[in-house]
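Structure at a glance
Okay, here's what each chain looks like letter by letter:
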Amino acid sequence: MQDYLFHFIDGAWQNAAGSARSIVDDAATAAAIGLVAHAEAAEVDRAVMAARAAFPAWSASTPAHRAGFLRAIADALEARGEALAQAISREVGMPLKLSRRIQVDAPVAAWRQTAGIGEGMRFEEEVGHSLVTQEAAGVVAAITPWNYPLHQITAKLAAALMAGCTVVLKPSELAPAAAQALGEAVAQAQLPPGVVNIVFGAADSGQALVEHRGVDMVSFTGSTEVGRRIAALAGAQLKRVALELGGKSASVAMPGADAERVVRHALASCLLNSGQTCSAITRLLVPQADYGRYRALLAAAAPAFVTGDPALPSTRVGPLVSARQRERVLAIIRAAEDEGLDLVAGGSQATPPGAGHFVAPTVFGQVAATAALAREEVFGPVLAVLTYADEDDAVQQANGAGYGLAAAVWAESPEEGLRLARRLRAGQVDVNGAPFNPAAPFGGFGLSGIGREGGRYGIDEYLEPRAIQLPR
Ligand code: NAD
């Protein structure tokens, strides 16, 4: 058992006071592997007050000074990389070989990249007779989910620290290992006490943090439902919010697209991390006339996504994070089966490989744009295939789910793909399989949230411009 019965406040680990606990599961076996304490209001208060006390000196320091600490944190996290990749793989269910690369190496690189971008930014400029200075927004409450725990912590903290903010982090109770590693890295990097504080816990601790009067800004990643609640609580006190929420992202295959590549990409994106990726492509839109061809390709390609023990190198799809999540996803699959949707692969009867929280990779075809499966986020390994009549119909369906986090377009030429990409209301649109770019903005239109993370855009989120008018 690895228990998390402490908090990191004002530069030191402190034993948790309260008795409320969450259980951490091994996703592949369903065995309990740890307990997480829930921070009480008094602990949240101490963390916020430490962040407030640290704010004046940290926000007044130079970007180069802060960048040095970000790089030291990256080094300390890197040194813990293998143990952390294993812990996250157990908590979340992502296959270990992917966990090393995606859950650890990529966020470590992002700490360094954010340091470089921040150092190169101009925090002052002259606009006519005004001197416009970029000021740190203040004390930031960062609340993160479990699916990419170190990535989400990094996207918030590296940017907020680079901007000169101080932080209280409340990580997900389902995947606490990354936050503990971060606390150790912060201590090893000798950040001034109070610049980063970590309170463990669930919704109760998170809410106490959002409502604390000493917090200037709330940066939240998680479900749209909780995001709405947090925005309302923050709005009552007119705090700034940044919200990275859910998605129902569409991949649009135009006539003339390379259907085999489209199918490979759609399955890989949808099934990455067992579908527990906010930007996962979970709707594939294909021309009506091509449905039979796409159906056959999907049925043939799905078995390559071998589901099983995340520790085995042959595994491409691991279990879901929790029993609750598995039940929720299976209920959605059963409802789609009951509706008579065309089951192309997987399904509720497909045999799961073990006692853990497994769901077979599942593809449904002929899904109507109005069906629940075409509109609601599943957060599991389920792809919905829809058909469209013409380009206007494809655009309307792609933009019609209310969310707008990511999208993909596939066309005969990049120019045609770009033309279609310009019509899609999503924060990131990939043309013909273009890769992820960590320096580009990431975030959502509509129900997918408010604000952006990534690169310079992520740092901007934590800055307040101040115009100083100078006498002419
Ligand atoms: P969640 O909304 O249940 O929880 C997220 C975090 O909020 C956790 O730390 C949780 O303890 C905390 N929380 C819950 N209720 C709270 C409250 N009332 N006040 C304050 N804090 C509260 O989400 P989850 O299940 O951890 O993550 C899955 C969801 O996150 C999915 O909907 C997914 O799409 C979304 N997500 C979005 C992005 C993005 O960048 N847009 C990235 C990853 C995940």
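Heads up: the structure comes first, above all this text.
The text that follows walks through the structure, step by step, so that each part is easy to find. Here the structure is a predicted model, which means the values were calculated and not measured.

Quick look at the overall build of the chain
A count of helical and extended segments in the chain gives 15 helices and 22 strands. A globule of 472 residues ought to have a C-alpha radius of gyration of about 23 Å, and the chain, at 22 Å, matches this closely. When the backbone C-alpha atoms are referred to their principal axes, the chain occupies close to 65 × 60 × 40 Å. Every one of the 472 residues in the chain was classed for burial, and the buried ones make up 55%.

Notes on the pattern of salt bridges
Going through the model one piece at a time under the given rule, you end up with 16 salt bridges. Measuring nitrogen to oxygen at the nearest pair gives 2.7 Å for the salt bridge that ties Glu-82 to Arg-100. With a gap of 18 residues between them, Glu-82 in helix H3 (residues 81-92) and Arg-100 in helix H4 (residues 96-120) connect regions that are remote in the sequence. For Asp-460, the salt bridge goes to Arg-456, with nearest N and O atoms at 3.2 Å. On the criterion of helical spacing, the pair formed by Asp-460 and Arg-456 is a turn pair, its members being four residues apart in helix H15 (residues 455-460). With a relative accessible area of 32%, Asp-460 lands in the partly exposed category. By relative accessible area, Arg-456 is classed as partly exposed at 40%.

Points about the nonpolar core
With 65 residues, the main nonpolar core has Trp-111 and Leu-182 as its most contacted residues. Here the element with the most residues in this core is helix H5 (residues 149-163); it accounts for nine residues. Excluding residues within four positions of it along the chain, Trp-111 makes contact with Leu-70, Ile-73, Ala-74, Leu-77, Thr-154, Leu-157, Ala-158, Leu-161 and Leu-182. Within the second largest apolar cluster, 31 residues are counted, among which are Val-252, Val-329, Leu-341 and Ala-374.

Considerations on the layout of surface pockets
As a volume, the second largest pocket reaches approximately 1,200 Å³. Along the walls of the second largest pocket sit 40 residues, with Trp-146, Phe-220, Gly-222, Ser-223 and Val-226 positioned nearest its centre. Those elements that provide at least two residues to the lining of the second largest pocket are helix H7 (203-211), strand E10 (217-221), helix H8 (224-236) and helix H11 (323-338). Considering every element that reaches the lining of the second largest pocket, the biggest residue donor is H8, with seven residues. Here the lining of the second largest pocket is built from residues that sort into 17 nonpolar, 13 polar and ten charged.

Digging into the pairing of strand E6 (residues 130-136)
Extensive coverage of E6 is indicated by the burial of five of its seven residues. Here strand E5 (residues 124-127) pairs with E6 via four bridges, running antiparallel. Residue Val-127 lies in a different strand from E6, and its bridge partner there is Ser-130. Counted along the chain from E5 to the antiparallel partner E6, the turn is two residues long, and its residue Gly-128 has a positive phi close to 60°. Here E6 runs beside strand E22 (residues 463-469); their pairing, made up of seven bridges, is antiparallel. Opposite Val-132, over in E22, you have Ala-467 as the bridge partner.

Side note on the site of the ligand
Close contacts around the ligand come from 29 residues, with Thr-144, Lys-170, Ser-223, Leu-245 and Glu-377 the closest. At 2.7 Å, a side-chain N or O of Lys-170 approaches an oxygen atom of the ligand. Residue Glu-377 places a side-chain N or O atom 2.6 Å away from an oxygen atom belonging to the ligand. Within the complex, the protein chains bury 89% of what would otherwise be the 850 Å² of accessible surface of the ligand. Among the cavities detected, the one that contains the ligand is the second largest pocket. Where the shell around the ligand is concerned, the elements lending two or more residues are H7, E10 and H8. Classifying every residue of the shell around the ligand by side-chain character gives 14 nonpolar, ten polar and five charged.

Overview of the pairing of strand E2 (residues 12-15)
Two faces belong to every sheet, and in a regular strand the side chains alternate between them. As paired elements, strand E1 (residues 6-9) and E2 share four bridges and run antiparallel to each other. Within E2, the residue paired with His-7 across the bridge is Gln-14. Hairpin connection, E1 to E2: the antiparallel pair is bridged by two residues, and Asp-10 has positive phi, about 55°.

Describing the sheet that holds strand E16 (residues 382-388)
Pairing within the open sheet is mixed, and its seven strands lie in the order E14-E15-E16-E13-E12-E18-E19. The open sheet is flanked by strand E14 (342-345) and strand E19 (428-431), the only strands paired with a single partner. On average, adjacent strands in this sheet sit at an angle of 20° to one another, irrespective of strand direction. Here strand E12 (residues 249-253) pairs with strand E13 (residues 281-287) via four bridges, running parallel.

What about the packing of H3 against H4?
Running from N to C, H3 and H4 cross one another at 110°; their axes reach a closest spacing of 9 Å. Relative to H4, the element H3 lies roughly perpendicular. The handedness of the crossing between H3 and H4 comes out as right-handed. In contact with Gly-81, Glu-82, Leu-84, Ala-85, Gln-86, Ile-88, Ser-89 and Val-92 of H3, H4 contributes Leu-96, Ser-99, Arg-100, Gln-103 and Val-104. Considered class by class, the residues forming the contact of H3 with H4 number six nonpolar, five polar and two charged.

Some points on empty space enclosed by the protein
For the structure shown, the criterion picks out two cavities of 30 Å³ or more. Put simply, the largest cavity is a space of about 80 Å³. For the largest cavity, the lining is made up of 14 residues, of which Arg-283, Ala-398, Tyr-403, Ala-406 and Ala-426 are closest to its centre. When grouped by side-chain class, the residues that make up the lining of the largest cavity number eight nonpolar, three polar and three charged. The volume enclosed by the second largest cavity comes to roughly 30 Å³. Forming the boundary of the second largest cavity are Gly-247, Lys-248, Gly-275, Thr-277, Cys-278, Thr-282, Glu-377, Val-378 and Phe-379. For the lining of the second largest cavity, a count of residues per class yields three nonpolar, four polar and two charged.

Criteria and cut-off values
Residues numbered from 1 in each chain as written. Predicted model: local features only at pLDDT ≥ 70, side-chain atom pairs only at ≥ 80, totals over all residues. Heavy atoms only, no water. Helix = DSSP H or I, 4+ residues; strand = E, 2+ residues; numbered from the N terminus. Rg over C-alpha atoms; globule rule 2.2 N^0.38 Å. Buried < 20%, exposed > 50% of the residue type's maximum accessible area, 1.4 Å probe, protein only. Salt bridge = Lys/Arg side-chain N within 4 Å of Asp/Glu carboxyl O. Core = buried A, V, L, I, M, F, W, Y, C linked by side-chain atoms within 4.5 Å. Contact = heavy atoms within 4.5 Å. 1 Å grid on protein atoms, 1.4 Å probe; cavity = no way out; pocket = protein on both sides within 12 Å on 5 of 7 lines; lining within 4 Å. Points joined across faces, edges and corners; volume = space filled by probe spheres on them. Nonpolar A, V, L, I, M, F, W, Y, C, P; charged D, E, K, R; others polar. Pairing = 2+ DSSP bridges. Near = heavy atom within 4 Å. Polar contact = N/O pair within 3.5 Å; in protein donor to acceptor, adjacent residues only side chain to side chain. Areas by Shrake-Rupley, 256 points an atom, 1.4 Å probe, with all protein chains shown as cover. Sits in = over half its atoms within 2 Å of the grid points. Axes fitted to C-alpha atoms, helices over the stretch in contact; angles between N-to-C directions. Parallel < 35°, antiparallel > 145°, perpendicular 65-115°, else oblique. Left-handed = near helix turned anticlockwise from the far one by under 90°.

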